[in-house]
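Here are the chains, one letter per residue:
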Amino acid sequence: MDDEPRKIETQEVDSVDKPARARVEDADTSEPVVAPSPFEAQDLEERDPREELARKKDYLEGFLAQQPKPDPDAEEADDLEGAVVAAIKEIYDPEIPVNIYDLGLIYGVEVTADKEAIVTMTLTTPHCPVAESMPGEVELRVGAVPGVGHAEVNLVWDPPWSPEKMTDEARLELGML
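A. The arrangement of helix α5 (residues 80-88) in detail. Burial analysis of α5 places seven of its nine residues in the buried class, which makes it a mostly covered element. Buried within α5 we find Leu80, Ala83, Val84, Val85, Ala86, Ala87 and Ile88.

B. Here's a closer look at the sheet that holds strand β2 (residues 116-121). The sheet built from three strands is open, its strands ordered β1-β2-β3 with mixed pairing. Because the sheet does not close on itself, it has two edges, and the strands there are β1 (106-111) and β3 (150-155). On average, adjacent strands in this sheet sit at an angle of 15° to one another, irrespective of strand direction. α5 rests against β1 and β2 of the sheet, and its axis sits at about 145° to β1. Most of the contacts of helix α6 (residues 134-143) go to β3, to which it runs at about 155°, and overall it touches β2 and β3.

C. Quick look at the pairing of β3. In terms of strand pairing, β2 meets β3 through six bridges, oriented parallel. Across the sheet, the residue bridging to Val119 is Val153, located in β3. Read as a crossover between parallel neighbours, the route from β2 over α6 to β3 is right-handed.

D. Spotlight on the pairing of β2. Looking at chain direction, β1 and β2 are connected through five bridges and run antiparallel. Of the residues in β2, the one forming a bridge with Ile106 is Met121. What sits between β1 and β2 in their antiparallel hairpin is a turn of four residues, with Lys115 showing a positive phi close to 65°.

E. Quick peek at the confidence of the model for the protein. Across the protein, the average pLDDT comes to 79, with 68% of residues at 70 or higher. Predicted confidence for residues 73-78 stays below pLDDT 50, and this span has six contacts to residues more than four positions away or in other chains.

Cut-offs and rules
Residues numbered from 1 in each chain as written. Predicted model: local features only at pLDDT ≥ 70, side-chain atom pairs only at ≥ 80, totals over all residues. Heavy atoms only, no water. Buried < 20%, exposed > 50% of the residue type's maximum accessible area, 1.4 Å probe, protein only. Helix = DSSP H or I, 4+ residues; strand = E, 2+ residues; numbered from the N terminus. Pairing = 2+ DSSP bridges. Axes fitted to C-alpha atoms, helices over the stretch in contact; angles between N-to-C directions. Contact = heavy atoms within 4.5 Å. Right-handed = clockwise from strand over helix to strand, strands pointing away. pLDDT = per-residue confidence, 0-100.

Written out as structure tokens, the structure is:
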């Protein structure tokens with residue numbers, strides 16, 4: 001090992017030239033980059049190499065352009081509380097393929113005269129992996145319901161959750177009936 005201290009050299013400059021950006025038009029498309037398999041050789045002769053470099057249609061464009069599908073539960077609900085419950089039913093437990101409302105994690109939904117939604121909920125255990133994120137997701141979804149001015153989620157542990165709190169539909173889905 002060297003006992004000499006390392007020296008760091010610095011250099012001050014007025015400006016730095018930007019490197020040229022690579023462009024697809026500059027690419028050499030006369031030959032494919034990867035040798036084709038014998039099965040693809042005939043197809044490559046018929047294809048235009050520029051088509052392969054062209055950007056494919058972004059799958060999100062169609063998804064983002066879609067209008068939200070009307071939820072029959074929300075349409076039938078003639079009050080804000082029904083719309084809040086319908087929004088909560090869209091949230092699924094990541095470990096169990098059942099929504100959190102039918103799972104029995106929602107203990108109460110209250111909508112005040114000021115159109116504030118207060119949701120009382122629990123989780124399956126205090127050590128649940130989504131203990132930090134699930135209440136926030138419920139608050140975001142409930143707050144996004146048209147007509148709700150403010151959403152508040154109270155996470156409680158008493159009474160503790162048990163499988164008896166699940167609806168019959170949830171039990172049927174999980175094969176517990």
